[in-house]
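Structural overview for review
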Amino acid sequence: MRYLSTVWYALIIFFVLPSCKTDEDSTFIKPLAPIYDSFVDSRDRRVYSTVTLWHQTWMAENLKYIPGIGKVDSQRLIQDYRVYGYEGLFSEMTLTEHFENFGVLYSFESALESCPRGWRLPRTTDWESLFRSLGEASPGLIKSDIFWDSGLKGNNKSGMNILPGGSYYFIS
């Protein structure tokens, strides 16, 4: 019996104590070592930059995929795929500066369908893990240093290059 209790205490010390943190540890920011790469979206041959931070790989730019007019009902295209500030012909929205800089705004359903093969929308747990890894300074580390209002700019040390792409609301 004594052997089992000794083993039990050893397991507690081995597994529980290393996972404990002090309050001082919570402000520690691990050094950033982003790994940059890219991939080609096979649907439209567009090349996207990626960045891997610790164990997570993120797109380092906004998605610009729009399905072809013949593949999706044109009314749905108009409702579910938008370029911020553009109200012209659907077929010409990819020619705008906003499209090149910020990509496409998607409805939730269209965003789910528009992810390239092997990719998905980030879950809350993905964001939480990223922010835990980056520490308290995370908002500034993931935001681009361009396009934001002066008080909101980041330093983009993570390489994620998050941009203020806009929003739109559709009420049917």
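Data block above holds the structure.
Here is a short report on the structure shown in this document. (Residues numbered from 1 in each chain as written. Predicted model: local features only at pLDDT ≥ 70, side-chain atom pairs only at ≥ 80, totals over all residues. Heavy atoms only, no water.)

1. Re the overall build of the chain
Across its full length, the chain holds six helices and five strands. Tracing the chain from N to C terminus, the helices and strands come up as α-β-β-β-α-β-α-β-α-α-α. Buried residues in the chain amount to 33% of all 172 residues. Contacts spanning at least 24 positions in sequence make up 46% of the contacts within the chain whose residues lie at least 6 apart. In the structure as shown, the chain presents an accessible area of about 11,900 Å², 57% of it carried by carbon and sulfur atoms. (Helix = DSSP H or I, 4+ residues; strand = E, 2+ residues; numbered from the N terminus. Buried < 20%, exposed > 50% of the residue type's maximum accessible area, 1.4 Å probe, protein only. Contact = heavy atoms within 4.5 Å. Areas by Shrake-Rupley, 256 points an atom, 1.4 Å probe, with all protein chains shown as cover.)

2. Examining the packing of aromatic side chains
Under the definition given, this model contains five aromatic pairs. Considering the side-chain rings of Phe-39 and Trp-119, the 5.0 Å spacing of their centres and the 25° angle between planes classify their relative orientation as stacked. Here the residue Phe-39 occupies a position in strand 1 (residues 35-40), and Trp-119 occupies one in the loop between helix 4 (108-114) and helix 5 (124-134), the gap between them amounting to 80 residues. With centroids separated by 4.7 Å and ring planes inclined at 50°, the aromatic side chains of Trp-58 and Trp-127 adopt a geometry described as tilted. (Phe/Tyr/Trp six-rings, centres within 6.5 Å; stacked < 30°, edge-to-face > 60°.)

3. Digging into the pairing of strand 1
Within a regular beta strand, the side chains point alternately toward one face of the sheet and then the other, so they alternate between its two faces. Across six bridges, strand 1 lies against strand 2 (residues 47-53) in antiparallel orientation. Bridged to Asp-37 within strand 2 is Thr-50. Count of turn residues in the strand 1/strand 2 antiparallel hairpin: six residues, of which Arg-45 carries a positive phi of about 65°. (Pairing = 2+ DSSP bridges.)

4. Observations regarding the environment of Tyr-36
By secondary structure assignment, the location of Tyr-36 is in strand 1. Sequence spacing of Tyr-36 and Gly-159 is 123 residues, and the spatial spacing of their C-alpha atoms is 7.9 Å. For Tyr-36, the contacting residues outside a window of four places in its chain are Thr-50, Val-51, Ser-158 and Gly-159.

5. Things to note about the nonpolar core
Of all hydrophobic cores here, the largest spans 15 residues; its most connected members are Leu-63, Ile-66, Tyr-81, Met-93, Val-104 and Tyr-106. Apart from the residues lying within four places of it in its own chain, the contact partners of Leu-63 are Asp-41, Arg-43, Tyr-48, Gly-103, Val-104, Tyr-106, Ser-114, Cys-115 and Pro-116. Judged by nonpolar contacts, the second largest core, of nine residues, contains Val-51, Leu-53, Leu-134 and Leu-141. (Core = buried A, V, L, I, M, F, W, Y, C linked by side-chain atoms within 4.5 Å.)

6. Observations concerning the side chain of Ser-133
Checked against the element boundaries, Ser-133 lands in helix 5. Overall, the relative accessible area of 10% leaves Ser-133 in the buried class.

7. Some details on the environment of Ile-146
With respect to the helices and strands, Ile-146 occurs in the segment after helix 6 (138-142). Here Ile-146 falls in the partly exposed class, since its relative accessible area comes to 44%. Distance from Ile-146 to Asn-161, taken between C-alpha atoms, is 8.9 Å for residues 15 residues apart in sequence.

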